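Spelled out from the first residue to the last, the chains are:
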Amino acid sequence: MSTYKSVAFANDNREKFIAMRRDLHQHPEPGWLEYRTAAMAADRLTELGYDLKVGKEVVKAESRMGVPEDAVMKAAMDRALQEGANPKWVEAMGYGFTGMVATLHFDDEGPTVAFRADIDSNDVMESTADDHLPVKEGFVSKHEKAMHACGHDAHLTMALGLAEYITTHKEGLHGTFKLILQPAEEGVRGAKSMVDAGVVDDVDIFFGMHIGINKNIAGCLACLNNGFLATTKLDVTFKGYSSHAGGSPELGKNSLLAACTAALNLQAISRHSKGNSCINVGVLESGTGRNVIPDRAYLQIETRGATGEVNDYICKRAYEVLKGAATMYENEVDIKEMGSAPACINSEDLAKEVQVIAKDLGIFKDVPLANEGGGSEDCAYFLERVIGNGGRGTYMILGSDIAAPHHNPKFNIDEKDMINGIAFTGALIESYLKENKHNKLKENKHNKLKVE
């Protein structure tokens with residue numbers, strides 16, 4: 001029988017956590033605009049007794065990517081205040097610094113263990129169909145073209161549930177617990193700025209987790225995820241010269257043709273022999289009328305690779321194609337990097353220990369060591385820094401019977417999996433902050449205690 005109390009805790013507080021998740025679902029906020037979301041979390045973590053650092057204390061300004069215009073951020077702040085956000089936190093976060101780190105320090109006799117949760121929503125218009133559970137249960141998004149279509153509402157709820165469990169079951173715990181709430185995961189824009197601010201430089205053991213992903217492992221817990229790709233997100237603007245399409249076409253410098261040429265030739269970039277390599281043009285916008293030579297064209301592009309080397313190759317070739325297309329049509333081209341993430345690495349020995357804990361809980365249908373997943377995840381920046389510093393980390397997948405694919409207007413999780421996630425993360429963090437069979441402490445190269 002499991003010795004952890006987290007299962008009873010999660011089930012006893014089930015209705016509270018479901019209500020919390022549904023409130024977050026109704027008030028989605030995209031990356032760098034998570035003012036109400038973060039303020040609610042800050043209020044709760046302060047109530048629980050955590051030491052809280054917010055805004056520029058934990059987000060490095062120059063490392064942020066894809067930050068909205070000031071007017072967009074000001075409108076998001078105003079809306080958050082109207083929806084009940086504590087003005088203290090909105091002011092502290094300022095223009096696009098919506099990350100925070102909550103810390104509980106027990107003593108100097110244990111490791112520093114961190115758990116990261118992302119808090120932003122997607123730019124998706126939520127379904128209003130009668131068979132969509134948030135519609136039936138009355139918690140559909142209230143914000144136009146914003147939706148929690150990737151489960152980050154559940155991620156934050158699980159993180160706050162974990163925070164409550166640890167602070168109410170802290171007897172016998174040693175070391176330090178850090179809860180990292182990261183903005184702007186969508187578009188892989190936010191993690192690098194928190195890593196560059198040093199928030200995990202003292203971390204010995206790091207955990208990240210995502211709900212859903214693969215419907216085939218619903219009710220299961222995978223202890224690491226292989227296959228998250230390195231990626232770069234690019235916004236590209238071609239700038240030409242407009243003229244009358246019939247009266248003076250020779251004077252025009254057609255940005256639409258430059259963009260189309262680029263879009264086609266980007267797909268012709270040779271694949272890489274050292275692993276999966278991808279490129280996609282997701283947006284192409286241009287033109288004002290049928291008789292006007294377009295003088296502007298806008299592209300949104302992403303590259304991906306199995307490793308940083310592969311992604312760098314694809315990205316470098318993409319720049320060459322874009323510049324070449326601009327030259328062909330006498331355009332200028334502006335290329336902005338809007339997001340990026342390295343390939344995801346995990347500590348397999350740590351994942352094997354996680355597997356023991358998860359199995360011992362007895363709440364999952366199965367606990368495979370690994371899930372083979374695609375896509376990209378900027379949590380990889382945290383893992384890269386912690387493991388590079390001599391620590392250990394893993395990114396786990398909490399399977400759920402999702403109603404539709406991620407980023408779909410009908411996406412929804414099974415909330416019982418979220419409750420299991422609170423039970424699991426509580427047991428997981430607790431186990432590394434107390435002396436047990438998983439914790440053999442030793443001095444590391446920084447003369448700190450580290451879990452072996």
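Just above, that's the structure.
Overview of the structure. Remember, it's a predicted structure, so these values are computed and weren't measured experimentally.

## Points about the overall build of the chain
- Summing up its helical and strand segments, the chain has 13 helices and 15 strands in all.
- Scaling as 2.2 N^0.38, a compact globule of 452 residues should have a C-alpha radius of gyration of about 22 Å, and the chain matches this with 23 Å.
- Viewed in the frame of its principal axes, the chain has a C-alpha envelope of about 80 × 50 × 40 Å.
- Here the chain holds 452 residues, and the buried ones make up 57% of them.
- Long-range pairs, those at least 24 residues apart, make up 83% of the contacts in the chain between residues at least 6 apart in sequence.
- Accessible surface, the chain as shown: approximately 18500 Å² in total, 48% of it carbon and sulfur.
- Charge separation in the chain, taken as the distance between the mean sites of 49 positive and 64 negative side-chain charges, equals 2 Å.

## Describing unusual backbone geometry
- The residue Trp-32 is not glycine, and still its phi comes out positive at about 70°.
- Turning to its location among the elements, Trp-32 is positioned in the loop between α2 (14-26) and α3 (35-47).
- Residue His-407 is not a glycine yet carries a positive backbone phi of 70°.
- Overall, the relative accessible area of 41% leaves His-407 in the partly exposed class.

## Remarks on the pattern of salt bridges
- The full count for this structure, using the stated rule, is 27 salt bridges.
- The partner of Arg-21 in a salt bridge is Glu-415, and the shortest N-O contact between them spans 2.9 Å. Separated by 394 residues along the polypeptide, Arg-21 in helix α2 and Glu-415 in helix α13 (residues 415-432) bring together distant segments of the chain.
- Given a relative accessible area of 1%, Arg-21 falls into the buried group.

## Things to note about the side chain of His-272
- With respect to the element layout, His-272 can be found in the loop between α9 (255-266) and β9 (277-286).
- Those residues within four positions of His-272 in sequence are excluded, and the remaining contacts are Ser-277, Glu-309, Val-310 and Tyr-313.

## Overview of the sheet that holds strand β13 (residues 392-398)
- If you trace the seven strands from one edge of the open sheet to the other, you get β1-β2-β4-β3-β5-β13-β6, paired in mixed fashion. Each end of this open sheet is capped by a strand with a single partner; those strands are β1 (51-54) and β6 (221-222).
- Along the sheet, helix α11 (residues 348-361) makes contact with β5 (205-211), β6 and β13, crossing β13 at roughly 45°.
- α13 rests against β3 (112-118), β4 (176-182), β5, β6 and β13 of the sheet, and its axis sits at about 175° to β5.

## Describing the packing of aromatic side chains
- Across all of its chains, the model carries seven aromatic pairs by this definition.
- Of the aromatic side chains, those joined through ring pairs into one cluster are Phe-9, Phe-17 and Tyr-165.
- One Lys or Arg, Arg-64, reaches over the ring of Phe-97 and ends 4.0 Å from the middle of that ring.

## Considering the nonpolar core
- Counting 80 residues, the largest nonpolar core has Leu-45, Phe-115, Leu-179, Leu-181, Phe-207, Leu-221 and Phe-424 as the members making the most contacts within it.
- In this structure, Phe-115 is in contact with Leu-162, Phe-177, Lys-178, Leu-179, Ile-180, Phe-207, Met-209, Met-396, Thr-425 and Ile-429, ignoring residues within four places of it in sequence.
- Counting residues in each nonpolar core, the second largest holds 30 residues, with Ala-114, Val-188, Tyr-381 and Ile-397 among its members.

## Points about α3
- Taking 1.5 Å per residue as the helical rise, α3 with its 13 residues ought to reach 18 Å, and the 18 Å between its terminal C-alpha atoms agrees with that figure.
- Within the span of α3, buried status applies to Tyr-35, Arg-36, Thr-37, Ala-38, Ala-39, Ala-41, Ala-42 and Leu-45.
- Taken from the residues just after α3, Gly-49 is the one with a positive phi, measuring 95°.

Cut-off values and rules
Residues numbered from 1 in each chain as written. Predicted model: local features only at pLDDT ≥ 70, side-chain atom pairs only at ≥ 80, totals over all residues. Heavy atoms only, no water. Helix = DSSP H or I, 4+ residues; strand = E, 2+ residues; numbered from the N terminus. Rg over C-alpha atoms; globule rule 2.2 N^0.38 Å. Buried < 20%, exposed > 50% of the residue type's maximum accessible area, 1.4 Å probe, protein only. Contact = heavy atoms within 4.5 Å. Areas by Shrake-Rupley, 256 points an atom, 1.4 Å probe, with all protein chains shown as cover. Lys, Arg positive; Asp, Glu negative; His and termini not counted. Charge placed at Lys NZ, Arg CZ, Asp CG, Glu CD. Salt bridge = Lys/Arg side-chain N within 4 Å of Asp/Glu carboxyl O. Pairing = 2+ DSSP bridges. Axes fitted to C-alpha atoms, helices over the stretch in contact; angles between N-to-C directions. Phe/Tyr/Trp six-rings, centres within 6.5 Å; stacked < 30°, edge-to-face > 60°. Lys NZ or Arg CZ within 6 Å of the ring centre and 35° of its normal. Core = buried A, V, L, I, M, F, W, Y, C linked by side-chain atoms within 4.5 Å. Expected span 1.5 Å × (residues − 1).

Remember, this is a structural readout, not a statement about activity or role.
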